[in-house]
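Tertiary structure, described
Next come the chains, spelled out residue by residue.
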Amino acid sequence: MKSLIVITGASSGFGAEMAKVFNADQHPLLLLGRNTAKIAALNLAGDVLIKHADVTNQAELRDAIVAAEALYGPTDLLINNAGVMLLGNVWQQSPTEWQTMLDTNVMGVLNGIQLVLPQMTERQHGTIINVSSIAGFKAFQNHAAYVASKFGVHGLTETIRQEVAAKNVRLMLVAPGAAETNLLTHVTDDHALTEYEAWKQTMGGVTLDPKHVAETVKFMYDMPQEVNIREVDIAATRQDS
């Protein structure tokens, strides 16, 4: 049997497409999200365990991973995909929105890593892929707190990669540009949303298809364990920033 793959934020967008790609390759999957009905609606076949998990709750995350590993063996790949993007200017935005992004985008990633890393280093085998953003290495207006969170993902990924390299464990990062996901559905700042949509029109009104991010992640993982594709930045060709 192939190795267990754990995907957070699997209900839509990148996570849903990754679930489809790895399911097609017959990997056992633990699919995590806050909307399990949407994950179930993917109608995936084979060894698929769906669990409710908020990545900010490490105990809930731990229980789900323990349950999956009891069925399918140790986690060989953790994809930290769950993320929140709430646009707005710092002088107007609610600090609650900042906290939501930092808790999900940074603490959620750290929570998952801490749960699987000890057994990966002990086995000297395993991969963690963190989904960041082009906003993890360059700034975008109306994105200050989001940019801060994604710069954090870039920084923690490289730090941990260095710490576990000698143990033959891979930390990888994929940084997508603007994509056709549901990240914008929770934005409360109408002006920021209008500006984003105007920017999207400069790309012909269509941004990156999430399936190509999923295909890229699969390619990264399928490299031999001794090869680490440390970072991939991927965006629509028409995205100029």
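Scope of this entry: the structure provided in the associated data block. (Residues numbered from 1 in each chain as written. Predicted model: local features only at pLDDT ≥ 70, side-chain atom pairs only at ≥ 80, totals over all residues. Heavy atoms only, no water.)

**Comments concerning the packing of aromatic side chains**
By the definition in use, this model includes 1 aromatic pair. With a centroid separation of 5.9 Å and an interplanar angle of 75 degrees, the aromatic rings of Phe22 and Tyr221 are classed as edge-to-face. Of this pair, Phe22 sits in helix H1 (residues 13-24) while Tyr221 is found in helix H7 (residues 210-222), placing the two residues 199 residues apart along the sequence. Accessibility classification places Phe22 together with Tyr221 in one group, the buried group. Above the ring of Phe140, the side-chain terminus of Lys138 is found at 4.5 Å from the ring centroid. (Phe/Tyr/Trp six-rings, centres within 6.5 Å; stacked < 30°, edge-to-face > 60°. Helix = DSSP H or I, 4+ residues; strand = E, 2+ residues; numbered from the N terminus. Buried < 20%, exposed > 50% of the residue type's maximum accessible area, 1.4 Å probe, protein only. Lys NZ or Arg CZ within 6 Å of the ring centre and 35° of its normal.)

**Thoughts on the pairing of strand E4 (residues 75-80)**
Along E4, 6 of the 6 residues are buried, which leaves the element largely enclosed by surrounding structure. As paired elements, strand E1 (residues 4-7) and E4 share 4 bridges and run parallel to each other. Pairing of Ile5 across the sheet is with Leu77, part of E4. In the sheet, E4 pairs with strand E5 (residues 127-131) via 4 bridges, with the strands oriented parallel. Within E5, the position partnered with Leu77 by the bridge is Thr127. Read from E4 through helix H4 (residues 95-123) to E5, the crossover connection turns out right-handed. (Pairing = 2+ DSSP bridges. Right-handed = clockwise from strand over helix to strand, strands pointing away.)

**So, the pattern of salt bridges**
For the coordinates displayed, the defined rule picks out 6 salt bridges. Put simply, Glu17 and Lys20 hold a salt bridge, and the shortest N to O gap is 3.2 Å. With Glu17 and Lys20 both in helix H1 and 3 residues apart, this pair spans about one turn of that helix. When salt bridges with common partners are traced through the structure, they connect Lys2, Asp25, Lys218 and Asp222 into a single cluster. (Salt bridge = Lys/Arg side-chain N within 4 Å of Asp/Glu carboxyl O.)

**Things to note about the nonpolar core**
In terms of nonpolar packing, the biggest core is built from 30 residues, with Leu30, Leu32, Ile113, Leu117, Ile128, Ile160 and Leu171 touching the most fellow members. At the level of elements, E1, strand E2 (29-33), helix H3 (58-72), H4, helix H5 (144-164) and strand E6 (170-176) are the ones that each hand at least two residues to this core. Considering every element that reaches this core, the biggest residue donor is H4, with 7 residues. Dropping the residues within four chain positions of it, Leu117 is found in contact with Ile128, Ile160, Val164 and Val169. One finds Met18, Leu31, Ile229 and Ile234 within the second-largest nonpolar core, a separate group that totals 28 residues. (Core = buried A, V, L, I, M, F, W, Y, C linked by side-chain atoms within 4.5 Å. Contact = heavy atoms within 4.5 Å.)

**Some words on the environment of Glu97**
The topology assignment puts Glu97 in helix H4. Taking C-alpha positions, Glu97 is 8.5 Å from Ala145, a pair spaced 48 residues apart along the chain.

**Some thoughts on the sheet that holds E6**
A sheet is described by the order of its strands in space; here 7 strands give the open sequence E3-E2-E1-E4-E5-E6-E7, paired in parallel fashion. Two strands in the sheet have a free side with no partner beyond their single neighbour: strand E3 (48-52) and strand E7 (231-234). The average angle at which neighbouring strand axes cross in this sheet is 15 degrees, direction not considered. Relative to the sheet, H3 contacts E1, E2, E3 and E4, its axis offset from that of E3 by approximately 165 degrees. (Axes fitted to C-alpha atoms, helices over the stretch in contact; angles between N-to-C directions.)

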